[in-house]
Amino acid sequence: MSLEIVTFPCLDTNIGILLRETETGNVAAIDAPDADTIDAELKKRNWTLNHILITHSHSDHVQGVPALIKRHSCRVIAPAKAQELLKQADLWVGEGDKIRIGNLRAAVLATPGHCQDHLSYWFESIETLFAGDCLFAMGCGRVFGGNYRAMWASLQRLAGLPEATRVYFGHDYALANGRFALAAEPENAALQARVAVAETVRAVGRMFISSTIGDEKQTNPFLRTSLPQIAQKVDLENGDPVAVFKALRDWKDRF
């Protein structure tokens, strides 16, 4: 069994993602930022949409759901904690649940912090993670609602997955994130190299699509808050990693 993954620009910064399980031909979208853009990608490949996997309830991730249901009669899998916000789901899921795309199974991981209902989808057998707006290349999502401890714990959980895990994000913020990361850790050679790649990708009009957990652990300051050089940058030498994370995230919000 394998998963064919297609990525494409959606809206301004969203990354559209389609998955096709090759044995059965089942197709899923990760979120639904824009129905017309997703439909165009489906038509290019003569694919029919069977599932939508929702990571969280923010409008730029769900606004295409009604049109896609109407056009494809697809099944919507959504966070149980978003039932009051998302009325069209066929299956409500949360921590510990399993879902299937064809013959491939994914674990549902609760990753709150960006918002309370945020989920990530982990296909362990092929070491692939769809992280929504929790984890980004060299960055992380904003903390809406002020629960920094929950966000830090979610990021630590994702960082604990195998380092070879391929990670797909909800947005391409790589260049802006990389520039901030360099301000937080300017001597990091691996980070310098990744920012150079992000700059090249942007210069040719492409998106910075995915990463690995190993790459993020080397270059993402939000996964490195226990390091003294990061703590020093936010004037919290010997500080608690959660406090360092909050100071770092607040700095990024102003950067």
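This is a predicted model, so every value here is computed, not measured.

1. Digging into empty space enclosed by the protein
Phase 1 of the analysis: The full count for this structure, using the stated rule, is 1 cavity of 30 Å³ or more.
Phase 2 of the analysis: In this structure, the largest cavity spans a volume of roughly 70 Å³.
Phase 3 of the analysis: Take the lining of the largest cavity: its biggest share by element is 3 residues, from strand β2 (residues 14-21).
Phase 4 of the analysis: A class-by-class count of the residues in the lining of the largest cavity yields 8 nonpolar, 5 polar and 1 charged.

2. Some points on the pattern of salt bridges
Phase 1 of the analysis: Summed over the entire model, instances satisfying the criterion amount to 13 salt bridges.
Phase 2 of the analysis: Two residues, Glu 41 and Arg 45, come together in a salt bridge whose shortest N-O distance is 2.9 Å. Here Glu 41 pairs with Arg 45, and both are found in helix α1 (residues 35-45), just 4 residues apart, close to one helical turn.
Phase 3 of the analysis: For Lys 87, the salt bridge is made with Glu 84, and the minimal N-O distance between the two is 3.8 Å.
Phase 4 of the analysis: Taking the relative accessible area as the measure of exposure, Lys 87 reaches 60% and is therefore exposed.

How each quantity is defined
- Residues numbered from 1 in each chain as written.
- Predicted model: local features only at pLDDT ≥ 70, side-chain atom pairs only at ≥ 80, totals over all residues.
- Heavy atoms only, no water.
- 1 Å grid on protein atoms, 1.4 Å probe; cavity = no way out; pocket = protein on both sides within 12 Å on 5 of 7 lines; lining within 4 Å.
- Points joined across faces, edges and corners; volume = space filled by probe spheres on them.
- Helix = DSSP H or I, 4+ residues; strand = E, 2+ residues; numbered from the N terminus.
- Nonpolar A, V, L, I, M, F, W, Y, C, P; charged D, E, K, R; others polar.
- Salt bridge = Lys/Arg side-chain N within 4 Å of Asp/Glu carboxyl O.
- Buried < 20%, exposed > 50% of the residue type's maximum accessible area, 1.4 Å probe, protein only.

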